[in-house]
Structures are given as structure tokens and as C-alpha cells.
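# Breakdown of the fold
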Amino acid sequence: MGPHAVPTTKIAKKAAEADPMLLVNAPTGRSPLFQVHVAAFFTLMCLSLISHAKAMMTDPGAVPVEARPIGTKFEENRSDELAIETDQLIGDSKKGDADIVQRGGGGGGGGGGGEEGNVSPKPYKRPSHRSCRRCGPDTFKPPRAHHCSICNRCVVKMDHHCPWVNNCVGLGNHKYFILFISYTFLSCVYSLCLVSYRFFTCFNVVRGPQCLSNTNDTLSILLLCVEGALFGLFTSCMMLDQWTVVTTNTTQIDRLKGVSDSDSGGAGEGVNETFGGDRGCTADWLLPTKVVFPKSLHEDLFGYCVPCRAIEAETEMLTLV
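Residues numbered from 1 in each chain as written. Predicted model: local features only at pLDDT ≥ 70, side-chain atom pairs only at ≥ 80, totals over all residues. Heavy atoms only, no water.

### Focus on the nonpolar core
- Grouped together as the largest cluster of nonpolar side chains are 13 residues, with contacts concentrated most on V63, V156, L171, F293, L301, F302 and Y304.
- If you list the elements that add at least two residues to this core, you get β5 (153-156) and α9 (295-302).
- Those residues in contact with F302 that sit more than four places away from it in its chain are G61, P142, V156, L171 and F293.
- In this structure, C162, V165, V169 and Y176 belong to the second largest nonpolar core, which totals nine residues. (Core = buried A, V, L, I, M, F, W, Y, C linked by side-chain atoms within 4.5 Å. Buried < 20%, exposed > 50% of the residue type's maximum accessible area, 1.4 Å probe, protein only. Helix = DSSP H or I, 4+ residues; strand = E, 2+ residues; numbered from the N terminus. Contact = heavy atoms within 4.5 Å.)

Structure follows, in C-alpha cells:
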């Protein structure tokens, strides 16, 4: 289908069979579909390269050092404990600054007219949450985060570290990675289809100039077939695997650990988390555009907040009291 693929003059089949040189010497031109195939192939190639670049350079969801836990249960538990501690501090301040007495800690024995014994104050029990032993005991590790030993950081919803993009595949760039392997797969299939079309066309009795034997063309076609078949099979397997990851909302690391998210919400929620938003399927899902999550869901998806305004307000109130 290239510039010299199709004869521009009609040659009878019997004449071409009698004298094959008529086809060789006939003036040639491009196939009518030449521009269409060029545009389609280069579009797939460009989409694949852009997706690869964004998967490589986009933050996969690394947990910042200043990240703090969030969640309704955590905030409610902390609010209750803050209220209890506030009451203790107010009650103890009325009994004097010399000794701090624990409320309800009076022992059974001893005189002193029912005076409560001097007991050390009950330490404040902070809500339990995970910390990464590799990043440090003071770093918060969200529920769906995993530590990458290659990047030396925790990544939210980390699926794996991909050497093809030299980056982790996580919540922030999972869409780009899926688009990269998908467009690479389509490019391989498209190339093999065009080569197969030429191969079967050249078996016709009437052969055009595109079927002339050329060592350079033969070598290029063989390399293209090997490359297209190899990477086509590889990316197709990865596509099936990643589709399972998206629909089940369970990463490869979770599957290796035998962990499943019982609150995943099904395939729809996994797809929305990967491609962004809660609007359902849109055209930008097929393009390497920025993944946008609603602000109301951003903290819940990533599992941390920076800063945590509700908790900071409670802490400031306690400090003032």
C-alpha cells in the first residue's frame, strides 16, 4: 500500500500471465487506503507513546511524609477520647496544680476522710493505625498502600513495579499503564493484519510491484512479524490480567497476600477508581488525559489527608482548654 504499490493502468489478467513484465514496468501509485492506514497506525503509535510517557512521569500515588489517617471511625474514636481527656484536664485543674489525680481512681483503703489517692494520670491512648516499618515508625501507611523496595516509598493501591515504565503502577497512573499496553497491543495486531493482507494478496496469479522479491523488504517483514507476535501476545496477557485487577478492585500484591477488599463495590467502582470520576464511561477514558477524582472522594480513595482539618481543629480546641 506504499507509494509504488498499485499499477495505475489496468492490465488484463491474461496479458499479465503471459508477460509478467507488464506489471513490473507499469506506472504505479499509492493505494487508495494508503493515507487511511498511515493515519490510523500513527495515531495508535502516538497514543501508545504518550500513555507510556505519562505512566513513567506521573506520580503513582506515593504517600507523602505529612500524611495523616482519616475516616469516620477514626475521627469518631479520636473525638471521644479527646473529649474524655478534656474532661479529665478540666476536673484535675480544679483540684490543684501540685498533683494530678485520675478521676475514679480512689482506692478502697486509707483514711484521710475519703481523699482520693495520688495516682499517675491515665496516658492518652491514640487510635491505632499502620505505620511503614521501612519508611519509619512515624510515617502513616494507608490501608491499601504497599511499600515498593525499588522506589523506596509507599504507593496507594500499588499493583506492581513495572520495568517497562520504570515506575510503580498505582492509583495515580494505572489508567496510563492500561492505555499503554492496550494501544501497543492494537498496534501489533494492526501491523500483523497489514502484513497478512500483503502476504495473501501476493499469492494471486496477477502480482503487482508490491510482491517483488527484495531482500531488505523480506528481512523487515520477518522482524515485524516476530516483534508483532511477541509483543502482541505479551501485551494481550497483561491486558487480561489488568482487566481482572480493575474489575475485582484487587491488586496483584493483594492477591499474592491473599487479601481481598470486601467493600470494593464490584467492577463498576474498580473501573471508576482506575479511570477517574463517578460519571460512568466517557470518551476521556480512552485518551491519556489526566485522571480526575471528585474532591469529595479524593481522601477516601487515597486513604489519607494533608492536612486533616477536622482533627487539627479538635487538637487546637484541646490545646486552648
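Structure's up, so let's keep going.
### Brief notes about the UniProt feature "transmembrane region" (unreviewed entry) in the protein chain
- Per the UniProt record, "transmembrane region" (unreviewed entry) is found at residues 32-50, 176-199 and 219-240.
- The distance from the first to the last C-alpha atom of residues 32-50 is 29 Å, and the span holds 89% helix and 0% strand.
- Between the end C-alpha atoms of residues 219-240 there is a gap of 32 Å, over a span that is 100% helix and 0% strand. (UniProt positions renumbered as here; feature names shortened; annotations may be inferred.)

### Describing the packing of aromatic side chains
- The final tally for this structure, using the stated rule, is six aromatic pairs.
- On the basis of an interplanar angle of 90 degrees and a centroid distance of 6.1 Å, the ring pair of F41 and F42 is categorised as edge-to-face.
- On the basis of relative accessibility, which here comes to 25%, the residue F41 falls in the partly exposed class.
- For F42, a relative accessible area of 44% puts it in the partly exposed group.
- For the ring pair F41 and Y190, a centre distance of 6.5 Å and an interplane angle of 50 degrees mean the geometry is tilted. A residue pair is termed long-range when its members are at least 10 positions apart, and F41 in helix α3 (residues 34-57) and Y190 in helix α5 (residues 174-201) qualify at 149 residues.
- Residue Y190 is classed as buried on the basis of its relative accessible area, which comes to 17%. (Phe/Tyr/Trp six-rings, centres within 6.5 Å; stacked < 30°, edge-to-face > 60°.)

### So, the confidence of the model for the protein chain
- Averaged over every residue, the pLDDT of the protein chain is 74; residues scoring 70 or more account for 63%.
- Within the model, the stretch residues 119-127 combines pLDDT values under 50 with 17 contacts to residues more than four positions away or in other chains.
- Scored below 50 in pLDDT, residues 311-321 shows 15 contacts in the model against residues more than four places distant or in partner chains. (pLDDT = per-residue confidence, 0-100.)

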